[in-house]
Amino acid sequence: MTRRLVDTGELTPTELARTRLVLAAEPRLMAYSNERLGRDCAHLADLAIQRHGIEFGRDRAELLVHVLACALDVALSRFIILHDEPIPSWADVLADTIRDVRGLFR
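The notes below deal with the structure included here.

## Here's the deal with the overall build of the protein
Phase 1: Within the protein, the secondary structure is distributed over five helices and zero strands.
Phase 2: The order of α-helices and β-strands along the protein, N terminus first, is α-α-α-α-α.
Phase 3: For the protein, with 106 residues in total, the buried portion stands at 25%.
Phase 4: Considering only residue pairs separated by 6 or more positions, the protein has 48% of its internal contacts joining residues 24 or more positions apart.

See the structure below:
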């Protein structure tokens with residue numbers, strides 16, 4: 001599910017780094033981005049509850065989404081500094097980061 005959300009096609013690390021700089025430089029864009037992220041996180045928590053059942057719990061679903069948001073931020077930082085050839089996709093870097101997170105909790 002996450003791969004579909006972030007699969008941006010051919011965005012390069014340089015383009016994503018530039019996007020991050022633009023967001024940081026423009027408070028209105030950052031505010032909009034944060035507002036949208038809040039809505040998206042609430043929606044993802046709802047989807048987690050739908051998938052796993054109401055007994056999964058709202059608190060647990062929100063925790064899952066926040067861990068995912070943290071993984072997204074870490075993956076973005078990892079992707080931006082890549083110098084590998086060929087450069088892996090942003091979605092692949094995120095998948096690797098999520099595997100790392102999962103490994104921490106085993």
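## Side note on the packing of helix α3 (residues 27-52) against helix α4 (residues 58-80)
The relative placement of two packed helices is expressed as an angle between their axes plus a distance between the axes.
Phase 1: One can describe the packing of α3 onto α4 by two numbers: an axis separation of 8 Å at closest approach and a directional angle of 125 degrees. When the axes of α3 and α4 are compared, the pair comes out oblique. In this structure, α3 crosses over α4, and the sense of that crossing is right-handed. From α3, Cys 41, Ala 42, Leu 44, Ala 45, Asp 46, Ala 48 and Ile 49 reach across to α4, where they touch Arg 58, Ala 61, Glu 62, Leu 64, Val 65 and Leu 68.
Phase 2: When grouped by side-chain class, the residues that make up the contact of α3 with α4 number ten nonpolar, no polar and three charged.

## Remarks on the packing of aromatic side chains
Phase 1: The final tally for this structure, using the stated rule, is one aromatic pair.
Phase 2: When the ring of Phe 79 is compared with that of Trp 90, the centres are 6.0 Å apart and the planes differ by 50 degrees; the resulting orientation is tilted. Here Trp 90 lies in helix α5 (residues 90-104) and Phe 79 lies in helix α4, a separation of eleven residues in the sequence. Neither Phe 79 nor Trp 90 differs from the other in exposure class; each is buried.

## Describing the pattern of salt bridges
Phase 1: Within this structure, the stated rule accounts for eight salt bridges.
Phase 2: The shortest N-O distance in the salt bridge between Arg 36 and Asp 40 comes to 3.6 Å. Of this pair, Arg 36 and Asp 40 both sit in helix α3, four residues apart, roughly one helical turn.
Phase 3: When its relative accessible area of 43% is taken as the criterion, Arg 36 is described as partly exposed.
Phase 4: For Arg 58, the salt bridge is made with Asp 46, and the minimal N-O distance between the two is 2.3 Å. Remark: Asp 46 occurs in helix α3 and Arg 58 occurs in helix α4; sequence separation between them is twelve residues.
Phase 5: Salt bridges linked by common partners bring Asp 46, Arg 58 and Glu 62 together as one network.

Cut-off values and rules
Residues numbered from 1 in each chain as written. Predicted model: local features only at pLDDT ≥ 70, side-chain atom pairs only at ≥ 80, totals over all residues. Heavy atoms only, no water. Helix = DSSP H or I, 4+ residues; strand = E, 2+ residues; numbered from the N terminus. Buried < 20%, exposed > 50% of the residue type's maximum accessible area, 1.4 Å probe, protein only. Contact = heavy atoms within 4.5 Å. Axes fitted to C-alpha atoms, helices over the stretch in contact; angles between N-to-C directions. Parallel < 35°, antiparallel > 145°, perpendicular 65-115°, else oblique. Left-handed = near helix turned anticlockwise from the far one by under 90°. Nonpolar A, V, L, I, M, F, W, Y, C, P; charged D, E, K, R; others polar. Phe/Tyr/Trp six-rings, centres within 6.5 Å; stacked < 30°, edge-to-face > 60°. Salt bridge = Lys/Arg side-chain N within 4 Å of Asp/Glu carboxyl O.

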